[in-house]
Amino acid sequence: MTQTTFYLTGQERSHLATAYAKNKETGLLEPIPPRPEFGPLDRPPQGNGGLYSTATDYARFCQMLLSGGRFQGHRYLSRAAMKYLTTPQTGDLPTGFFQNDTFGQHGANYGWGIATCILRKPHEGVAAMLSPGSFGHGGAWGTQAWIDPVKGVAYVLMVQRSNFPNSDASDVRCDFQQAAANALAKR
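Residues numbered from 1 in each chain as written. Predicted model: local features only at pLDDT ≥ 70, side-chain atom pairs only at ≥ 80, totals over all residues. Heavy atoms only, no water.

> Help me out: how do you make sense of the packing of aromatic side chains in this one?
Two aromatic rings, taken as a pair, are described by how far apart their centres are and by the angle between their planes. Across all of its chains, the model carries 2 aromatic pairs by this definition. Plain terms: the ring middles of Tyr58 and Phe61 are 6.2 Å apart, the flat faces sit at 20 degrees to each other, and that makes the pair stacked. Taken together, the positions of Tyr58 and Phe61, both in helix H2 (residues 55-66) and 3 residues apart, correspond to about one turn of that helix. Plain terms: the ring middles of Tyr110 and Trp146 are 6.4 Å apart, the flat faces sit at 65 degrees to each other, and that makes the pair edge-to-face. (Phe/Tyr/Trp six-rings, centres within 6.5 Å; stacked < 30°, edge-to-face > 60°. Helix = DSSP H or I, 4+ residues; strand = E, 2+ residues; numbered from the N terminus.)

> What should I look at first to understand the sheet that holds strand E10 (residues 161-162) in this one?
Each strand in a sheet pairs with another by means of backbone hydrogen bonds, the pair being arranged parallel or else antiparallel. Strand order in the open sheet made by the 3 strands is E2-E1-E10, with mixed pairing throughout. Every other strand in the sheet has two partners, leaving strand E2 (29-32) and E10 as the edge strands with one partner each. Relative to E2, strand E1 (residues 19-22) runs antiparallel, the two sharing 4 bridges. For Ala21, the partnering residue across the bridge sits in E2 and is Glu30. (Pairing = 2+ DSSP bridges.)

> Is there a simple way to think about the confidence of the model for the protein in this case?
In low-pLDDT segments, the atomic positions of the prediction should not be examined closely. This prediction gives the protein a mean pLDDT of 86; 95% of its residues lie at or above 70. Per-element confidence in the protein is highest for strand E4 (residues 74-75), whose mean pLDDT is 98, and lowest for helix H1 (residues 10-14), whose mean pLDDT is 76. (pLDDT = per-residue confidence, 0-100.)

> I tried to follow the environment of Ser170 on my own but got confused; where do I start?
Within the secondary structure layout, Ser170 lies in the loop between E10 and helix H4 (171-185). Linking Ser170 and Val126, residues 44 residues apart in sequence, is a C-alpha distance of 7.6 Å.

> What is the right way to look at H4 in this model?
The α-helix winds at 3.6 residues per turn, so residues separated by three or four positions along the chain end up facing the same way. Compared with an ideal rise of 1.5 Å per residue, which puts 15 residues at 21 Å, H4 spans 21 Å between its outermost C-alpha atoms and is within 8% of the ideal. Three or more residues of H4 are buried, namely Arg173, Gln177 and Ala181. Seen along its axis, H4 keeps its buried residues to an arc of 60 degrees; they face one direction. Those residues of H4 that are exposed and aimed more than 90 degrees away from the buried face are Asp171 and Asp175. In this structure, the buried side of H4 is in contact with strand E8 (144-148) and strand E9 (153-157). (Expected span 1.5 Å × (residues − 1). Buried < 20%, exposed > 50% of the residue type's maximum accessible area, 1.4 Å probe, protein only. Arc of directions from axis to C-beta. Contact = heavy atoms within 4.5 Å.)

> Hey, could you run me through the pairing of E9 in this one?
A regular strand places its side chains so that they alternate between the two faces of the sheet. The alternating pattern of E9 places Val153, Tyr155 and Leu157 on a buried face and Ala154 and Val156 on a face that is not buried. As defined by bridge partners, E8 adjoins E9 across 5 bridges and the pair is classed as antiparallel. Bridge pairing in E9 places Asp148 opposite Val153.

> Any chance you could explain the sheet that holds strand E6 (residues 117-119) here in plain terms?
Taken in spatial order, the 5 strands of this open sheet run E5-E6-E7-E8-E9, and their pairing is antiparallel. Of all the strands in the sheet, just strand E5 (110-112) and E9 have a single pairing partner and so form its edges. The sheet shows a mean angle of 20 degrees between the axes of neighbouring strands, direction not considered. As paired strands, E5 and E6 are joined by 3 bridges and run antiparallel to one another. Across the sheet, Tyr110 pairs through a bridge with Leu119, a residue of E6. This element, H2, spans strand E7 (135-138), E8 and E9 of the sheet and lies at about 25 degrees to E8. (Axes fitted to C-alpha atoms, helices over the stretch in contact; angles between N-to-C directions.)

Right under this line is the structure:
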């Protein structure tokens, strides 16, 4: 992952994808600058955001996760680390981002591993095409990655939109994953 960093150089900043936010008055998407708290060299990396990457690097990362911590013949994460990532560490607590009626109260269908959300049981909507044990997470700007080790598929949705309404339950994510699952079923 040679193009993934918390600290962008001047050249990397010039290649940064434009981010958008919906104007509350007009409803139109408008370009917005990167958040200033992410990326200053005098600050430590933040665990809640600010990691910049490319689609290629992120796809490699997801392929490594899909391959149980291995990529192109090299082991990057131990089997023990993968177990922590893919096993709920939260017991039977309802987790995930579906803790209200708006998003179907599907919290009991998920558990949190270390840095990932794990699907215990598929449900209608964004999880309908995923297998139990699928894991992933969404980013603050709408990016999503879900790894389905049963089907051998990584779903990666790259979005650059601030305040994307619950990207974990968005129609965009649902439609994208369903279209991908349908295309893969035709193969």
